[in-house]
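Below are the chains, spelled out letter by letter.
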Amino acid sequence: MLLTDLLDLPVHDHNGDRVGWVSDMRFRIPARPTASDDGGVPSPEVVGILLGPRRRGSYLGFERTDVHAPVLLARWIRWRHRGTCLVPWSDVDHVEDEAVVLDAHYRRESPLLSR
């Protein structure tokens, strides 16, 4: 599966009700290489999905808490993404051809990134 296969898919809760759309994915690069690595850059790990109440749209880097300029653009983008949350990948039950399905007790976390 490719990342582009997930972007813009509807997200459903375990009852089948749509709760939003996959607007982006969040990844983490581990701080230390594992024993199986050859000394290169470690493989990224999926942290979760950014679940938005509206169709796809990029934060353009304004999800970082220390980015505030240009002020009007920052305010508009944060307003546009109001209601967006990060759902940990462990709370995704499964991915179907036409939807992402969350487990019964999925968590909504802040989508903002801090240093």
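Quick notes on the rules
- Residues numbered from 1 in each chain as written.
- Predicted model: local features only at pLDDT ≥ 70, side-chain atom pairs only at ≥ 80, totals over all residues.
- Heavy atoms only, no water.
- Patch = residues over 30% accessible without salt bridge, like charges linked within 9 Å, V, L, I, M, F, W, Y side chains within 5 Å.
- Areas by Shrake-Rupley, 256 points an atom, 1.4 Å probe, with all protein chains shown as cover.
- Salt bridge = Lys/Arg side-chain N within 4 Å of Asp/Glu carboxyl O.
- Helix = DSSP H or I, 4+ residues; strand = E, 2+ residues; numbered from the N terminus.
- Buried < 20%, exposed > 50% of the residue type's maximum accessible area, 1.4 Å probe, protein only.
- Contact = heavy atoms within 4.5 Å.

K.L.:
How would you explain a nonpolar patch on the surface if you had to name every residue and give the values?
P.N.:
Residues Leu-3, Phe-27, Val-46 and Trp-89 make up a contiguous nonpolar surface patch of roughly 320 Å² in combined accessible area. Secondary-structure assignment places Trp-89 in the loop between strand E4 (85-88) and strand E5 (92-95). Take Trp-89: its relative accessible area is 32%, and that puts it in the partly exposed class.

K.L.:
Quick one: what's the story with the environment of Tyr-106, residue by residue and with numbers?
P.N.:
Tracing the backbone through its elements, the reader meets Tyr-106 in the segment after strand E6 (100-102). Excluding residues that lie within four positions of it along the chain, Tyr-106 makes contacts with Asp-13, Val-19, Val-87 and Asp-91.

K.L.:
Can you lay out the environment of Thr-4 for me, pointing to particular residues and giving the numbers?
P.N.:
Along the polypeptide, Thr-4 turns up in helix H1 (residues 3-6). Separated by 20 residues in sequence, Thr-4 and Asp-24 have C-alpha atoms that sit 9.4 Å apart.

K.L.:
Quick one: what's the story with the pattern of salt bridges, residue by residue and with numbers?
P.N.:
The full count for this structure, using the stated rule, is 3 salt bridges. A salt bridge links Arg-28 to Glu-45, with the nearest nitrogen and oxygen atoms 3.6 Å apart. Highlighted residues: Arg-28 in strand E2 (residues 18-28) and Glu-45 in strand E3 (residues 45-52), separated in sequence by 17 residues. With relative accessibility at 45%, the residue Arg-28 sits in the partly exposed group. Of the charged contacts, one joins Arg-107 and Glu-109 as a salt bridge, the two residues approaching to 3.6 Å between their closest N and O atoms. Since its relative accessible area comes to 39%, Arg-107 is described here as partly exposed. The class of Glu-109 is partly exposed, set by a relative accessible area of 34%. Taken together, the shared-partner salt bridges in this structure form one network comprising Asp-91, Arg-107 and Glu-109.

K.L.:
Tell me about the side chain of Arg-26, and please be specific about residues and values.
P.N.:
Mapped onto the elements, Arg-26 comes out in strand E2. Look past the residues within four positions of Arg-26 in its chain and what remains in contact with it is Glu-45, Val-46, Val-47, Gly-48, Leu-50, Glu-63, Leu-86, Pro-111 and Leu-113.

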